[in-house]
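# Observations on chain architecture
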Amino acid sequence: MAGATGGHAAIIQDWSSDITVFKGVPWGKAMMWIFLLSDTFIFTCFLTGYMTVRMTTAQPWPSPSDVFALEAFGYPVPLLLIAIMTMILITSSGTMAMAVNMGYQKRKKEAIILILVTAAFGASFVGMQVFEWSKLILEEGIRPWENSMGAPQFGAVFFMVTGFHGLHVSAGVVYLLFIAWLIHKGRYDNTNFEIIEILGLYWHFVDLVWVFIFAFFYLW
Amino acid sequence: MAAEEGQQHPIKLYILIWVLLFVFSGFSYATDFMDAGYLRWFLILLFMMLKAGFIVAIFMHLMWERYALIYALLLPPLALLVLVGAMAMESDYTWLTRIVFFGAEPYPDPCPPVTHGLPEGCEPPPGLGPPAVSH
Amino acid sequence: MAQAEIPYQEDMALHHPHSWVTKYWFSQDHKVIAVQYGITAMSVGLVALVLSWIMRMQIGFPGAFDWITPELYYQSITMHGMIMVIYLLTAFLLGSFGNYLVPLMLGARDMVFPFVNMISYHVYFLSVIILMASYVVPGGPTGAGWTLYPPQAILTGTPGADWGILTMLLSLAVFIVAFTMGGLNYITTILQARTRGMTLMRMPLSIWGILMATVLGLLAFPALFVSAVMMILDQLIGTSFFMPSVVSLGQHLDYSGGSPLLFQHLFWFFGHPEVYIVALPAFGVVSDLLSVHSRKNIFGYRMMVWAIVAIGVLSFVVWAHHMYVSGMHPYFGFFFATTTLVIAVPTAIKVYNWTITLWRANIRLTVPMLFAIAFVITFVVGGLTGLFLGNVIVDVPLSDTYFVVAHFHMVMGVAPILVIFGAIYHWYPKITGRMLNDTLGQWHFWVTFIGTYVIYYPMHYLGFVGVPRRYYENEIGGASAFYPESAALLNETITIAALIVGAFQFMFVYNLVVSYFRGKPAGDNPWGATSLEWRTPQTPPIHGNWGDKLPTVHRWAYDFSVPGAKEDFIPQDVPHDDDHGANRT
């Protein structure tokens, strides 16, 4: 398990060289990383907005662990669905990492299957989110503009943040399917299959964002 | 150059990280059963950072990239820490002004609408409380 | 470097156009996209110019034009501000100059992802369409002021609070998508697709400015995007992110518990870097103009680069100096005043270096050079008033007066516009192969430059006597309410100057069009410049820019007046053993 290639001495060397700064990084991968950096700022701004409305509100904030409890075996289990969703997303991250690995081993068929499995997990995540939303709207009566349990911002933030994350997951599923189709068509046969790594970067990022949403929204 | 061959690493490592992510998610989830306090916050943030670190470092292969890329990606978000820190201070101040000038009821009050069981003798505030559980 | 790297750009597959539509509308050529960006930004900028006439006519001659209603006035100031800052300056400096100069100056064939680049322009075009659609939706465009502060931006009584604000926010969100696609391309191209020998420290300063501004854009626009989404939700479905409990026109609205300060923080977390998104490319371009037209290397190149980087970093920690009177946390004033004054240091370094570049130089007062010098002067004037406004105690009485208007128009309105003009005069020969008419250019310059001072100098005085910004009427019952009557005379003068200066900009557009057909042929390198864009085999450069092989860079971009050299400039791709007898690195 080697550390970062080149070591610290290479920083100045890389930045003062010609042609490329990020040695061995394909254009698409560099672009995806920079995009994810920008996207990080978007999600952090959303979460900062959430922190602000939550900290400034003088009304009580409903407890997420009760609001999102589900009944299992006759007992309310807090955050049951959320825990399952978290596990699903992590599982999909694992299959995605495997797909990247298979791609670099040029095992095209396994890679495609693993990408499709990842997409299936992603789709089921979105499905559970739909279930969660409908339960919240229909049973608990939470709306973006009001909330019988306290601060109206609870619903607003919840729908906005998870909605935006859900959009990312949905877009990711489409992206996964699209790339799987292109790989199947043989578009990348002459390459090193970096495209799967680029795809993976996006998918892991979606998982990464969920880690933060889980900690800050559901556990706070 | 090694990196041009692509990021190839033993599958064993991925499985290990995968398992660790499950374990840490379990720990994260377990904090929900703790009482509120600094310890709980510390653990939430600890497990969050551990999970985020593993995803970025191993799954996204950042730890095998060259430092030129690593620093280019990890330094800019420091600007966000300034924003978050400033907004945390600002929120405290806004909350204070709301209490002082608008006479809003300070919250949490002696009967906090918390999660697992209210203190003795407290009625849940109107409209708030655990969702009804049918028996 | 042990093993030589091959520039991937060398045998990059380009999508060559086959029809008029793919050549001029859905083109993937960065040069065509740059011109598309430029024309769109300039057209929408002319709209904003006319809007500024409307508001100046009202301020200069209140009551004389009864078709200027309060609604029209507020809509005009809002649209003028937003168009100028976002759709003109940002789009022109990054969309147009960024697209044109980045691949050419770096010796690349095109942007790394030409298709994404093409989409970027069309999404930008869509955002302009949505913005202009404000004029046809019920209620017209928003009149909330370009900062769009809630609660007033979405409350009844503000013009366009129903539809105008939505089209504005939607248009901004779409613009951000467009900018992201373009910006990712610029950064990736600059970092990953330079030609042989082109190290970062050999790049012309224009590219440094564009690089840092693009980084700022990608990191700062998210805050605007988020606040736009949240305000759309507030307006459309009644969430209360930014809306506190409000009694409006006697009615208690359904909002409660939101934080208007949150919007201001998010907006300025974007808004202050935005100032430098506009300023940094201008800094870079003007450094090149000054150097080329004074036949002297830029003074302190490394210092200039690090100053750009330092300004970029610091611009993320100064935002709340726009909010001293907002009622934010009282401790913030000290912190943000300090950082604001610190950011003046790298900025001052740049100004000194520009000045020293001119010292004992072989200055040629061409039109681009005139604009470049005018920029330095104007920027100093505007920057100095920034030091006043950066201090809390001075800012409090000056806040929301014409002093502020004068400050930001000088420093980030007029100054970058002067650079844009200078740059157009400078690069027009490369883009079209013909020179712009010099006589018209001289007229354009002198009227714009002197006019700027006639317009904005008196505004400082107006601010000191307390004339508030954005008021529809400054008089009550025919008499000045708060300040001496001389202010009215000054306002009339400013308005007349603004009308004249504005009219001359149309002459500039005329010059652009006519010179395209009748200008005198420019040749490959009319200014004797060193950077790579003047070394293309064809003028104007064809799709793919270079011949079979990309150029190889051997030196920095500022080898002017090298002692012993045959000519007074040595282009970047001239090797050292062939450099006319001079030895320079």
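Residues numbered from 1 in each chain as written. Chains lettered and ligands numbered in written order. Predicted model: local features only at pLDDT ≥ 70, side-chain atom pairs only at ≥ 80, totals over all residues.

Let us now look at the overall build of chain A. Counting its secondary structure elements, chain A contains seven helices and two strands. Ordering the α and β elements of chain A from the N terminus gives α-α-α-β-β-α-α-α-α. Projecting the C-alpha coordinates of chain A onto the three principal axes gives extents of approximately 60 × 40 × 30 Å. Relative to its full complement of 220 residues, chain A shows a buried share of 55%. (Helix = DSSP H or I, 4+ residues; strand = E, 2+ residues; numbered from the N terminus. Buried ≥ 20, exposed ≤ 12 C-beta atoms within 10 Å, placed from the backbone.)

Take the overall build of chain B next. Looking only at helices and strands, chain B features four helices and zero strands. When the elements of chain B are put in sequence order from the N terminus, they spell out α-α-α-α. The buried share of chain B, reckoned over its 135 residues, is 26%. Excluding contacts between residues fewer than 6 apart, the proportion of contacts in chain B whose partners are at least 24 apart in sequence is 38%. (Contact = placed C-beta atoms within 7 Å.)

Tallying the contact residues gives 65 residues for chain A and 62 residues for chain B. When residues of the side of chain A that touches chain B are traced back to their parent elements, those giving at least two are helix 1 (10–15), helix 2 (27–56), helix 3 (64–67), helix 4 (80–104) and helix 7 (194–219) of chain A. Counting residues per element, the side of chain A that touches chain B draws most heavily on helix 7 of chain A, which supplies eleven residues.

The next thing to look at is the interface of chain C and chain B. At the junction of the two partners, chain C supplies nine residues and chain B supplies nine residues. Looking at the side of chain C that touches chain B element by element, the count peaks at three residues for helix 7 (residues 260–293) of chain C. Within the side of chain C that touches chain B, the residues separate by chemical class into six nonpolar, three polar and no charged. (Nonpolar A, V, L, I, M, F, W, Y, C, P; charged D, E, K, R; others polar.)

All names here are of chain C. Running from N to C, helix 6 (residues 205–237) and helix 8 (residues 301–314) point in directions that differ by 10°, and their axes come no closer than 10 Å. Taken together, the axes of helix 6 and helix 8 lie roughly parallel to each other. Here helix 6 and helix 8 pass one another in a crossing that is right-handed. Together, Leu 205, Trp 208, Gly 209, Met 212, Val 215 and Leu 216 of helix 6 and Met 304, Val 305, Ile 308, Val 309 and Gly 312 of helix 8 make up the contact between the two elements. (Axes fitted to C-alpha atoms, helices over the stretch in contact; angles between N-to-C directions. Parallel < 35°, antiparallel > 145°, perpendicular 65-115°, else oblique. Left-handed = near helix turned anticlockwise from the far one by under 90°.)

It is worth spelling out the nonpolar core at this point. All names here are of chain C. Judged by nonpolar contacts, the single largest core of 286 residues is most densely connected at Ile 207, Phe 371, Phe 375, Ala 415 and Val 419. Top element by residues in this core is helix 3 (residues 70–106). It accounts for 24 residues. Once residues lying within four places of it in the same chain are set aside, the contact partners of Ala 415 are Ala 282, Phe 375, Thr 378, Phe 379, Gly 382 and Met 410. (Core = buried A, V, L, I, M, F, W, Y, C linked by C-beta atoms within 7 Å.)

Residues and elements named next belong to chain C. With 33 residues, helix 6 ought to run about 48 Å at 1.5 Å a step, and its terminal C-alpha atoms sit 47 Å apart, in line with that. Of all the bends in helix 6, the greatest, near 30°, is centred on Leu 218, and the proline Pro 222 appears no more than four residues after it. In terms of burial, helix 6 is largely enclosed, as 30 of its 33 residues are buried. Note on helix 6: the residue one or two positions beyond its end, Gly 238, has a positive phi of about 80°. (Expected span 1.5 Å × (residues − 1). Bend = angle between axes of the 7 residues up to and from the residue.)

Let us now look at the confidence of the model for chain B. Residue and element names in this part refer to chain B. When pLDDT is averaged across chain B, the result is 78; 71% of the residues are at 70 or more. Predicted confidence for residues 109–119 stays below pLDDT 50, and this span has 14 contacts to residues more than four positions away or in other chains. Counting contacts from residues 124–135, a segment whose pLDDT is below 50, to residues more than four positions away or on other chains yields 19 contacts. This complex was scored by the predictor with a pTM of 0.92 and an ipTM of 0.94. (pLDDT = per-residue confidence, 0-100.)

What follows deals with the confidence of the model for chain A. Mean pLDDT over chain A: 89, with 98% of residues reaching 70 or higher. Mean pLDDT across the elements of chain A bottoms out in strand 1 (residues 70–72) of chain A (75) and peaks in helix 2 of chain A (95).

Okay, unusual backbone geometry next. Residue and element names in this part refer to chain C. In the segment running from Pro 150 into Pro 151, the intervening peptide bond is cis, with an omega of 0°. Relative to the elements of secondary structure, Pro 151 occurs in the loop between helix 4 (114–133) and helix 5 (164–192). Residues Thr 539 and Pro 540 are joined by a peptide bond in cis, for which omega reads -10°. Of note, Pro 540 is situated in the segment after helix 14 (486–518). Even without being glycine, Ser 561 reaches a positive phi, approximately 50°. Summarising the element assignment, Ser 561 is placed in the segment after helix 14. By the C-beta count within 10 Å, which is 15 here, Ser 561 ends up partly exposed.

This brings us to the packing of helix 7 of chain C against helix 8 of chain C. All names here are of chain C. Relative to each other, helix 7 and helix 8 sit at 175°, their axes nearing to 11 Å. When the axes of helix 7 and helix 8 are compared, the pair comes out roughly antiparallel. For the pair helix 7 and helix 8, the contacting residues are Tyr 276, Leu 280, Phe 283 and Ser 287 in the first and Met 304, Ile 308, Ile 311 and Gly 312 in the second. Considering only residue class, the contact of helix 7 with helix 8 consists of six nonpolar, two polar and no charged.

Time to look at the environment of C:Pro484. Checked against the element boundaries, C:Pro484 lands in the loop between strand 4 (479–480) and helix 14. On the basis of neighbour count, C:Pro484 is assigned to the exposed category, with 11 C-beta atoms found within 10 Å.

Time to look at the environment of A:Phe121. All names here are of chain A. Structurally, Phe 121 is set in helix 5 (residues 108–139). Taking the C-beta count within 10 Å as the criterion, Phe 121 has 23 such neighbours and is therefore assigned buried. Between the C-alpha atom of Phe 121 and that of Ile 19, which follows or precedes it by 102 residues, the distance is 40 Å. Beyond its immediate sequence surroundings of up to four residues, Phe 121 is in contact with Ile 88, Thr 91, Ser 92 and Thr 95.

So, about helix 7 of chain A. Residues and elements named next belong to chain A. End to end, helix 7 covers 36 Å across 26 residues, agreeing with the expected 38 Å (1.5 Å per residue, within 8%). Along helix 7, the helix axis deviates most sharply at Ile 213, where the bend reaches about 30°. The buried fraction of helix 7 is high, at 23 of 26 residues.

Another point: the environment of C:Phe421. All names here are of chain C. Within the fold, Phe 421 resides in helix 12 (residues 402–432). Overall, Phe 421 belongs to the buried group, with 24 C-beta atoms counted inside 10 Å. Distance from Phe 421 to Met 304, taken between C-alpha atoms, is 22 Å for residues 117 residues apart in sequence.

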